[in-house]
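Each chain, written out:
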Amino acid sequence: MTKRRVSIEDISRPSERLSELRKEDFKPLPEPFDKTESTPDFKPLSDKAKDQYESSLDDTIAVSIPKPKSKEEERVLIEKFLSGMEKLFTKENNWTFLQPLLLSMDHCAKCHTCSEACHIYEASGQNPIYRPAYRSEVFRRLYKNFIESNGSPLTAWRSGKVDLNWTTLARLIELAYRCNLCRRCAQTCPIGVDNALIAHEIRKVFSQELGIAAKEIHDDGSVLQLKVGSSTGMNSVVVKDNIEFIDEDVSEMTGIKVETPWDKEGADILLIHNAGEIMSWPMNPGAFGVIFETAGLNWTMSSEIAGYDSINYGVWYDDAQFARVAVKHAQAAKKLKVKKIVLGECGHAHKALTVIADRVLTGDLNIPRESCMVTLEGLIFSGKVKVDPSRNDFPVTLHDPCNLVRLMGIVEPQRRILRHIAPRFREMEPHGVYNYCCGGGSGFAIMSGHNFGDWRAQIAGRKKLEQILNAFKDELDPSIKKYVCAPCSNCKGQLRDLFSYYDLWEKHSIMYDGLVELIVNCMTDAKPGFIEWEWH
Amino acid sequence: MGVVLIVTYVSAAVFVLAVLVRFVRISRLPIHVRWELYPVSHEKGRAHYGGSYLEVPEWWKKKRESSLIGELKVMIPEILLLAGVHEHNRRHWAFTFPFHFGLYLLAGLIVLLLAGGILSAAGVEVSGGGRGLGLALYHSTYVVGYAGLALALLGSLALLGRRTFNQDYREYTTPGDYFNLMFFVVALGVAWVNHISADPNFVGLRAYFVQLVTLDLSSKGAAFAQQPVLVSAEIILASLLVAYIPLTHMSHFFTKWFMYHDIRWGDEPNIRGGEIEKKVGEVLNYPVSWSAPHIRGDGKKTWADIATSAVEEKTK
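The structure contained in this document is the topic of the report that follows. (Residues numbered from 1 in each chain as written. Chains lettered and ligands numbered in written order. Predicted model: local features only at pLDDT ≥ 70, side-chain atom pairs only at ≥ 80, totals over all residues. Heavy atoms only, no water.)

**Let's talk about the overall build of chain A**
Here's step 1: The secondary structure content of chain A amounts to 25 helices and 8 strands.
Here's step 2: Here chain A has a C-alpha radius of gyration of 23 Å; the compact-globule value for 536 residues is 24 Å, and the two agree.
Here's step 3: Projected onto the principal axes, the alpha-carbon positions of chain A cover approximately 75 × 55 × 45 Å.
Here's step 4: The buried share of chain A, taken over its 536 residues, is 69%.
Here's step 5: Looking at chain A as shown, the accessible area adds up to about 16600 Å², and 49% of this sits on carbon and sulfur atoms.
Here's step 6: Put simply, chain A has 68 plus and 74 minus side-chain charges, and the middle of one group is 4 Å from the middle of the other. (Helix = DSSP H or I, 4+ residues; strand = E, 2+ residues; numbered from the N terminus. Rg over C-alpha atoms; globule rule 2.2 N^0.38 Å. Buried < 20%, exposed > 50% of the residue type's maximum accessible area, 1.4 Å probe, protein only. Areas by Shrake-Rupley, 256 points an atom, 1.4 Å probe, with all protein chains shown as cover. Lys, Arg positive; Asp, Glu negative; His and termini not counted. Charge placed at Lys NZ, Arg CZ, Asp CG, Glu CD.)

**With respect to the overall build of chain B**
Here's step 1: The number of helices and strands found in chain B is 12 helices and 0 strands.
Here's step 2: When the elements of chain B are put in sequence order from the N terminus, they spell out α-α-α-α-α-α-α-α-α-α-α-α.
Here's step 3: Taking 20 Å as the expected radius of gyration for a compact globule of 316 residues, we find that chain B reaches 26 Å, considerably beyond that expectation.
Here's step 4: Across its three principal axes, chain B shows a C-alpha extent of roughly 80 × 45 × 40 Å.

**Quick word on the sheet that holds strand β5 (residues 396-398) of chain A**
Residues and elements named next belong to chain A.
Here's step 1: Sheet architecture is open: 4 strands sit in the order β6-β5-β7-β8, paired in parallel fashion. Since the sheet does not close on itself, it has two edges, and those belong to β6 (425-426) and β8 (510-513), each with one partner.
Here's step 2: As judged from the 4 bridges shared by strand β7 (residues 482-485) and β8, these two strands associate in the parallel manner. Within β8, the position partnered with Tyr483 by the bridge is Met511.
Here's step 3: In the packing of helix α23 (residues 489-501) onto the sheet, the strands contacted are β7 and β8, and the crossing angle to β8 comes to about 165°. (Pairing = 2+ DSSP bridges. Contact = heavy atoms within 4.5 Å. Axes fitted to C-alpha atoms, helices over the stretch in contact; angles between N-to-C directions.)

**Let's talk about the layout of surface pockets**
Empty pockets left among the atoms are what a rolling probe the size of a water molecule brings to light.
Here's step 1: Considering only enclosed or pocket space, the second largest pocket measures out at about 850 Å³ in volume.
Here's step 2: In this structure, the second largest pocket is lined by 31 residues; those nearest its centre are Asp106, Lys144 and Glu148 of chain A together with Arg22 and Leu247 of chain B.
Here's step 3: Of all the secondary-structure elements, those providing two or more residues to the lining of the second largest pocket are α4 (98-106), α7 (132-148) and α8 (153-159) of chain A together with α1 (2-28) and α7 (175-197) of chain B.
Here's step 4: For the lining of the second largest pocket, the element with the highest residue contribution is α1 of chain B, accounting for 5 residues.
Here's step 5: For the lining of the second largest pocket, the per-class residue count stands at 12 nonpolar, 9 polar and 10 charged. (1 Å grid on protein atoms, 1.4 Å probe; cavity = no way out; pocket = protein on both sides within 12 Å on 5 of 7 lines; lining within 4 Å. Points joined across faces, edges and corners; volume = space filled by probe spheres on them. Nonpolar A, V, L, I, M, F, W, Y, C, P; charged D, E, K, R; others polar.)

**Brief notes about the interface of chain B and chain A**
Here's step 1: Of the residues lining the interface, 83 residues belong to chain B; the matching set on chain A comes to 93 residues.
Here's step 2: In this assembly, chain B packs against chain A so that about 8000 Å² is buried in total across both faces, 59% of it on carbon and sulfur atoms.
Here's step 3: Three residues, Trp35, Tyr172 and Trp290 of chain B, lead the burial of chain B against chain A; their summed loss comes to 13% of the area buried on that side.
Here's step 4: Note that Lys110 of chain A and Asp177 of chain B form a salt bridge whose closest N and O atoms lie 3.1 Å from each other.
Here's step 5: Viewed at the interface, chain A and chain B are joined by 55 residue pairs in polar contact (both at pLDDT 80 or more). (Buried area = accessible area lost by both parts, 1.4 Å probe. Salt bridge = Lys/Arg side-chain N within 4 Å of Asp/Glu carboxyl O. Polar contact = N/O pair within 3.5 Å; in protein donor to acceptor, adjacent residues only side chain to side chain.)

**Quick word on the pairing of strand β1 (residues 269-272) of chain A**
Both faces of the sheet carry side chains from a regular strand, because those side chains alternate between them.
All names here are of chain A.
Here's step 1: Of the two faces of β1, the one lined by Ile269 and Leu271 and the one lined by Leu270 and Ile272 are each fully buried.
Here's step 2: Pairing geometry for β1 and strand β3 (residues 340-343), over 4 bridges, is parallel. By the bridge assignment, Leu271 is partnered in β3 with Val342.

**Some words on the sheet that holds strand β2 (residues 299-300) of chain A**
Residue and element names in this part refer to chain A.
Here's step 1: Sheet architecture is open: 4 strands sit in the order β2-β1-β3-β4, paired in parallel fashion. This sheet does not close on itself; its edge strands, each paired only once, are β2 and β4 (369-371).
Here's step 2: Contacting β3 and β4, helix α19 (residues 372-381) crosses the sheet at an angle of about 65° to β4.

**Brief notes about the nonpolar core**
Here's step 1: Counting residues in hydrophobic clusters, the biggest one holds 214 residues, and the most contacted among them are Phe81, Phe139 and Tyr177 of chain A.
Here's step 2: Contacts of Phe81 of chain A, omitting those with residues within four sequence positions, involve Phe139, Leu142, Leu164, Leu169, Leu172, Val205, Phe206 and Leu210 of chain A.
Here's step 3: In terms of nonpolar packing, the next biggest core, distinct from the first, is built from 37 residues, Val4, Phe99, Ala191 and Tyr244 of chain B among them. (Core = buried A, V, L, I, M, F, W, Y, C linked by side-chain atoms within 4.5 Å.)

**Some details on empty space enclosed by the protein**
Residue and element names in this part refer to chain A.
Here's step 1: Counted under the stated rule, the structure contains 5 cavities of 30 Å³ or more.
Here's step 2: Those elements that provide at least two residues to the lining of the largest cavity are α16 (314-317), α18 (347-355) and α23.
Here's step 3: Along the lines of polarity and charge, the residues of the lining of the largest cavity split into 12 nonpolar, 9 polar and 1 charged.

**Thoughts on the packing of aromatic side chains**
Residues and elements named next belong to chain B.
Here's step 1: The final tally for this structure, using the stated rule, is 38 aromatic pairs over all chains.
Here's step 2: Judged by centre distance (5.7 Å) and plane angle (55°), the ring pair of Phe179 and Phe183 falls under tilted. Separated by 4 residues within a single helix, Phe179 and Phe183 lie in helix α7, roughly one turn from each other.
Here's step 3: A relative accessible area of 36% means that Phe179 is categorised as partly exposed.
Here's step 4: With centroids separated by 5.6 Å and ring planes inclined at 45°, the aromatic side chains of Phe183 and Tyr244 adopt a geometry described as tilted. With Phe183 in helix α7 and Tyr244 in helix α9 (residues 229-244), the pair connects residues that are 61 residues apart, well separated along the chain. (Phe/Tyr/Trp six-rings, centres within 6.5 Å; stacked < 30°, edge-to-face > 60°.)

**Brief notes about unusual backbone geometry**
Here's step 1: Residue Pro32 of chain A follows Glu31 of chain A across a cis peptide bond; omega there is 5°.
Here's step 2: With respect to the helices, strands and loops of the structure, Pro32 of chain A is situated in the segment before α1 (47-52).
Here's step 3: Cis peptide bonds are those with omega within 30 degrees of zero, and the linkage from Tyr38 of chain B to Pro39 of chain B qualifies with 10°.
Here's step 4: When you line up the elements, Pro39 of chain B lands in the loop between α1 and α2 (68-81).
Here's step 5: Backbone geometry places Lys110 of chain A, a non-glycine residue, at a positive phi of 55°.
Here's step 6: Backbone geometry at Gln126 of chain A places phi at a positive 60°, although glycine is not the residue there.
Here's step 7: Along the chain, Gln126 of chain A falls in the loop between α6 (119-123) and α7.
Here's step 8: Looking at Gln126 of chain A, the relative accessible area reads 29%, which means it is partly exposed.

**Here we look at a negative patch on the surface**
All names here are of chain A.
Here's step 1: Together, Asp241, Glu244, Glu248, Asp249, Glu252, Glu259, Glu532 and Glu534 make up a negatively charged patch on the protein surface.
Here's step 2: Within the secondary structure, Glu534 is located in the segment after α25 (515-521).
Here's step 3: In this structure Glu534 comes out as exposed when scored by relative accessible area, which is 52%. (Patch = residues over 30% accessible without salt bridge, like charges linked within 9 Å, V, L, I, M, F, W, Y side chains within 5 Å.)

**Comments concerning the side chain of Glu137 of chain A**
Here's step 1: Among the secondary structure elements, Glu137 of chain A is positioned in helix α7.
Here's step 2: Using a relative accessible area of 1% as the deciding quantity, one classes Glu137 of chain A as buried.

**Brief notes about the pairing of β3 of chain A**
Here's step 1: Residues Lys340 and Val342 of chain A point to one face of β3 of chain A and Ile341 and Leu343 of chain A to the other, with burial holding for every one of them.
Here's step 2: What joins β3 of chain A to β4 of chain A is α18 of chain A, and the crossover it makes is right-handed. (Right-handed = clockwise from strand over helix to strand, strands pointing away.)

**Focus: the pattern of salt bridges**
All names here are of chain A.
Here's step 1: Inspection of every chain in the model, using the stated rule, returns 57 salt bridges over all chains.
Here's step 2: Of the charged contacts, one joins Glu475 and Arg426 as a salt bridge, the two residues approaching to 2.8 Å between their closest N and O atoms. Of this pair, Glu475 sits in the loop between α22 (462-471) and β7 while Arg426 sits in strand β6, and the two are 49 residues apart along the sequence.
Here's step 3: When the shortest N-O distance is used, the salt bridge between Lys492 and Glu517 registers 3.9 Å.

Below, the structure written as structure tokens:
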């Protein structure tokens, strides 16, 4: 247990840090990482970072908000926040989430059921500031006292009070980035209160009114994607070049000729990958090409802006950016007159375009969207893609991306495939819709500024590490190669960093990758050995 | 006694009005984006593992099957037994279940008293010496009444204790929350004392309900007028409590319906030319006034304008 208690009101009280992170407080990991020393030291923030940015929440920084230079600047920021908060509770500015938000604002019974469900709270050793209800209660009190009423004593008496000052706000926005938005807490709330939604809405106020968001997801994310076509920075020429190289590589590796079709009008399928795959895990889009070509599908990729990058970071922090990207995706499909969009292995892109954008896209922009899990299942069980499961004779477990599973209900197709193609498949516990986030959700997988990478690996990813070690607990011997199937680009980014942080590949031969790689690895039409077991 | 009756009528009216106003307000909020959370209980054949129709190839071409039984299988244990708290926070369940179940029984008590009042007013004898329905009502009323009072009183005391002595809970409890629990403790305590000491068979309460259902504001000759003052105290406190509940966060007893059906289980897809598309078309025309540099909402530009516009300027 973290020794120091932190009250709701403490958030407004200036101090160097609201809460200290000490690894001896963190939840112990299973063997062989059960000693405190097994967790690397948390890199302290540099003096420069502490001088320059707001860092009074805990021992890390996610958003890098420059410290206001004067009281006047603080006052302006507070006023802007209040203005944004007011807008958040109007139907014109927030029709997207107003009803769920209001219900969550009004009905929390403060029973703490959500706390036990949160991997961050648990992993941190039950640090009070990481309770899902902590930031919500701060935000609720601000709403009740400053928006719903004019700070009357009766409101403070009924709903509690929090002082509104810059310290409160600087900590609140950082706290909104200590939640993976996995919504496991909401799943357990007996009333239906959604603390992850509240974290999401706090991010929105700061982004949509104050222009404050994590650089990696805004400037280097959605803004870049809308400008050049992809948050990776690849424009349409570069992406085509890269895919061409990938096609050549996989054709050689598998003996199956792959030539990715681009901008093919009237294709049945527009396949959109998370472009991060093309850069970091090229065998993933390559494997899709092998499978789709083998099955003889009429498919294409698009070189339109955002048409080749399925990411939609707006879903984590900004409705305007979200809508813009969703529209771009739909426009790319509309232009090619495809019958459906198939989303590659990326959880948040699945949810963004299939579920959330469902109430943004209308008319001829409302083009059917399908998960690649469903498409792939059809190809395998129809016999269009023939497999020899004995080629996958190594331990495999499945990480469930929250967006795909808990938030979309796509649970079984990937499992049916794995049970069919991976004879040594075993589940993590818990799994399916009750899974734990990898720790990279809501943008964290691409955020490593200052020492945020330490926080991600030591706290946000701790529960997933525990699950993976437990899934392979009888086969941790490094002579046995093991595979964590993570059909999501962001999850893979997090697992890559997590495994690297704890040397899982070096010490225990635990590798991660997607589902399509496993499929191609056992395709009878392909040459064996698609999975090369090299760290990447 | 007329005053007591008026308090009850007014309280009942406040209760109904508060529920109605809140219900209408929530219903009139604009359509929101989908934000479902699995398992979705009405997913036929898939709810048990949390699956959705999105698992079906080309789901948009298929008929979606929804299961009311599936919803009831989740809703009934959730409402009656607080199954969610039992599963995810067992220790707290031991405190909150008696309280909630006691309240359900007390709601049942009101129904029994109303039925008893109506029957008595119609000349049916509701007593230990009665027959058939009258006899059944007589016995069931005090059985349900004592069980409800005992559980709710114990539960509210337990919750009050938990919020007072457990630091995790105390830090999140406002003076208003303590007041709410104290209100329950006092109202239920008075009721308990009354029935133990003065109205053991709930005869006095039923006499009051006879007046209540016959709208008899006079006190002359009414059976209720003969009852001790504790009965009046019980009725006044209970009436005020009934009026108070929907004015607080405890209105979750009905807003939970929205939280489950509209949000958690709100998986209705937007079909071209359908009702949802029409509603989405309306909200996309709402004006936007967010001020960040990448939006520059001026109160005139709509969501549709924003969604189809480029980012003008990077944030600082």
